[in-house]
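Spelled out from the first residue to the last, the chains are:
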Amino acid sequence: MAKHHFPGEFLWGTATSAQQIEGGRHEGGRGESIWDRFATLPGKIADGSRPDMTCDHFNRWQEDLDLMTSLGMGAYRFSISWPRILPAGRGKVNPAGLDFYDKLVDGLLEAGIQPFPTLYHWDLPQVLQDEGGWAERGIIDAFTEYTTAVARRLGDRVTRWTTHNEPWCIATLGHEEGHHAPGHTDPAESLRVAHHLLLSHGLSTAVIRNEVPSAEVGIVLIHCPAMPASPTDADVDAARWFDGFFNRWYLDPLFRGRYPEDAVWDRVERGHLLGSDLPFLHDGDLEIIAAPLDFLGLNYYSRNVMRMGREGRPEAVAVAPVEERTTMGWEVYPQGLEDSLLRVHRDYAPGSIYVTENGAAYTDPAPVAGRIADPRRIAYLRSHLLAVHRAIAAGVPVRGYFAWSLLDNFEWGHGFEQTFGLCALDPDTLDRIPKDSAFWYRDAAMANAVDDGEDPAP
Ligand code: FCB
């Protein structure tokens, strides 16, 4: 079996986010987030759960750190909870909130695990939503205030920072489709939200650089390659449409200092914009958004095959049989990760790229003699790591990979029904139980290599 070695400095890690694992909803002076509120609305979370306790990482962080150490991890991507740091969104800093991340960072560094924090992974303080949230330009000051508080406290030890996680999901799922908090369904608002996220990223980047001169700063985007279902002009155009809407709407302003013209016209055609003059765009915004980045964080889960549906509405088609999908319904398509990395490198050339999330939800069996057999997750990880390896061999500067996720956790609107973790939780005790995939990933990280394997079909 061929072994594929990664570059010497390659980082192996796992990723989580505060709202999904911390719990401690009413502990340590934390304020309410938009997800705490959203989860109280009927029908918003598939299993009716609330993120009050989740994995109780707020109290078990030490145990989770030991878990990462036992898995040989070199880095940990986590997010900081804005409502823990500034329970009222702005103004008075909650010292207990900063203390929590201070201890976590110290613990990580002692364990030789590099901290890789994200400032905003979707848990906006509810009080700021009450003022209009990301739809209002005024929120940007609050975000830079929050960034300053965190960078000042952790900047002597944390060098790699990311601002936002997946602005597309915040703008579209939260404000256009309504599946995520705050549950709005206003396409014009979602464009304002996207713009304010990008602008706040640029300003927050400047704050971090100012507070932490040695910092490396990036943003995390989800990337989904779009392919036409057939070679017809209509289907090719549907794929172009999706790429503009999902990928280039963020990549172009960040790396080229402009919104993609074709995607702007797509929005005009749909009545989401009145004309190609973007009403939310002020002079100088694009220069701020396009401030040079040290790295891009790329999250990848699957691809979309697109066709032009009825009335000229582009739509995704399910091409893969059910057995080749995860329980999220997402096609297992590792080639799409190599394609995404090559594309981003070719078209935008970030100096470094980290795969900041990649992983799969499957229904896992109950433990047998303490072991949880999850061969399909192993196959998913292996095939995607091999895709990363091919991209590196082709010259893409990929510096690390973070498996989503360390633990089964609160999967947003799916509650606890979708399990992405390398480790399960005992439902009664919340004890962490590493799945076979965790041991497989540990071995790959320790060897800094992945072999071809003989995995079952996805
Ligand atoms: C990503 C999110 C992450 C998790 C995974 C499955 O879009 O960043 O929090 O929900 O999907």
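Residues numbered from 1 in each chain as written. Predicted model: local features only at pLDDT ≥ 70, side-chain atom pairs only at ≥ 80, totals over all residues. Heavy atoms only, no water.

Draft legend 1. Expanded view of the nonpolar core. Counting 143 residues, the largest nonpolar core has Trp82, Trp134, Trp161, Leu341 and Val388 as the members making the most contacts within it. The element that contributes the greatest number of residues to this core is helix α10 (residues 233–256), accounting for 10 residues. Leaving out residues up to four positions away in the same chain, Trp82 has contacts with Gly89, Tyr120, Asp123, Leu124, Pro125, Leu128, Trp134, Ile139, Ala142, Phe143 and Tyr146. (Core = buried A, V, L, I, M, F, W, Y, C linked by side-chain atoms within 4.5 Å. Buried < 20%, exposed > 50% of the residue type's maximum accessible area, 1.4 Å probe, protein only. Helix = DSSP H or I, 4+ residues; strand = E, 2+ residues; numbered from the N terminus. Contact = heavy atoms within 4.5 Å.)

Draft legend 2. A look at the pairing of strand β5 (residues 160–165). Along β5, six of the six residues are buried, which leaves the element largely enclosed by surrounding structure. Strand direction decides the pairing type here: strand β4 (residues 114–120) and β5, joined by two bridges, are parallel. By the bridge assignment for β5, Thr118 is matched with Thr162. In this structure, β5 lies alongside strand β6 (residues 216–222), joined through four bridges in parallel fashion. Within the sheet, the bridge partner assigned to Trp161 lies in β6 and is Val217. (Pairing = 2+ DSSP bridges.)

Draft legend 3. Up close: the sheet that holds strand β12 (residues 398–404). Spatially, the eight strands close up into a barrel ordered β2-β3-β4-β5-β6-β8-β11-β12, and their pairing is parallel. When strand polarity is set aside, the average angle formed by the axes of neighbouring strands in this sheet is 25°. For strand β2 (residues 11–15) and β12, the ladder comprises five bridges, and the chain directions are parallel. Residue pairing across strands places Leu11 opposite Gly400, the latter belonging to β12. (Axes fitted to C-alpha atoms, helices over the stretch in contact; angles between N-to-C directions.)

Draft legend 4. Main features of the sheet that holds strand β10 (residues 314–317). Across the sheet, which stays open at both edges, the three strands sit in the order β7-β9-β10 with mixed pairing between neighbours. The open sheet is flanked by β7 (226–228) and β10, the only strands paired with a single partner. For this sheet, the mean inter-axis angle between neighbouring strands, taken without regard to orientation, is 45°. Where strand β9 (residues 304–308) meets β10, four bridges bridge the pair, whose relative direction is antiparallel. Its bridge partner being in β10, Met308 is matched across the sheet by Pro314. In this fold α10 packs onto β7, β9 and β10, with an angle of close to 125° to the strand it touches most, β9.

Draft legend 5. Layout of the pairing of strand β8 (residues 295–299). A large share of β8 lies buried, amounting to five of its five residues. The alternating pattern of β8 places Phe295, Gly297 and Asn299 on one face and Leu296 and Leu298 on the opposite face, and all of these are buried. Taken together, the five bridges between β6 and β8 define a ladder with parallel strand orientation. From the neighbouring strand, Ile219 faces β8, where its bridge partner is Leu296. Judged from the four bridges that link them, β8 and strand β11 (residues 353–357) form a sheet pairing that is parallel. From the neighbouring strand, Leu298 faces β11, where its bridge partner is Val355.

Draft legend 6. Representation of the pattern of salt bridges in the model. A full pass over the atoms with the stated rule returns 38 salt bridges. Salt-bridge contacts for Glu32 lead to Arg37; the nearest nitrogen and oxygen are separated by 2.9 Å. In this structure Glu32 comes out as partly exposed when scored by relative accessible area, which is 25%. For Asp102, the salt bridge is made with Arg153, and the minimal N-O distance between the two is 3.1 Å. With a gap of 51 residues between them, Asp102 in helix α5 (residues 95–110) and Arg153 in helix α7 (residues 139–154) connect regions that are remote in the sequence. With relative accessibility at 27%, the residue Arg153 sits in the partly exposed group. (Salt bridge = Lys/Arg side-chain N within 4 Å of Asp/Glu carboxyl O.)

Draft legend 7. Structural detail: the site of the ligand. Around the ligand, a shell composed of Gln20, His121, Trp122, Asn165, Glu166, Tyr301, Glu357, Trp404, Glu411, Trp412 and Phe420 is seen. Contact between the ligand and Trp412: an oxygen atom at 2.9 Å from a side-chain N or O atom of the residue. In isolation the ligand offers 300 Å² of accessible surface; the protein chains occlude 97% of this area. Tallied by class, residues from the shell around the ligand come to five nonpolar, three polar and three charged. (Near = heavy atom within 4 Å. Polar contact = N/O pair within 3.5 Å; in protein donor to acceptor, adjacent residues only side chain to side chain. Areas by Shrake-Rupley, 256 points an atom, 1.4 Å probe, with all protein chains shown as cover. Nonpolar A, V, L, I, M, F, W, Y, C, P; charged D, E, K, R; others polar.)

Draft legend 8. Seen up close, the packing of helix α3 (residues 57–70) against α5. Contact geometry for α3 and α5: axes closest at 10 Å, N-to-C directions at 10°. Classified by the angle their axes make, α3 and α5 are roughly parallel. Contacts from His57, Phe58, Trp61, Leu65 and Met68 of α3 reach α5 at Phe100, Lys103, Leu104, Gly107 and Leu108. Taken together, the residues of the contact of α3 with α5 sort by class into seven nonpolar, two polar and one charged. (Parallel < 35°, antiparallel > 145°, perpendicular 65-115°, else oblique.)

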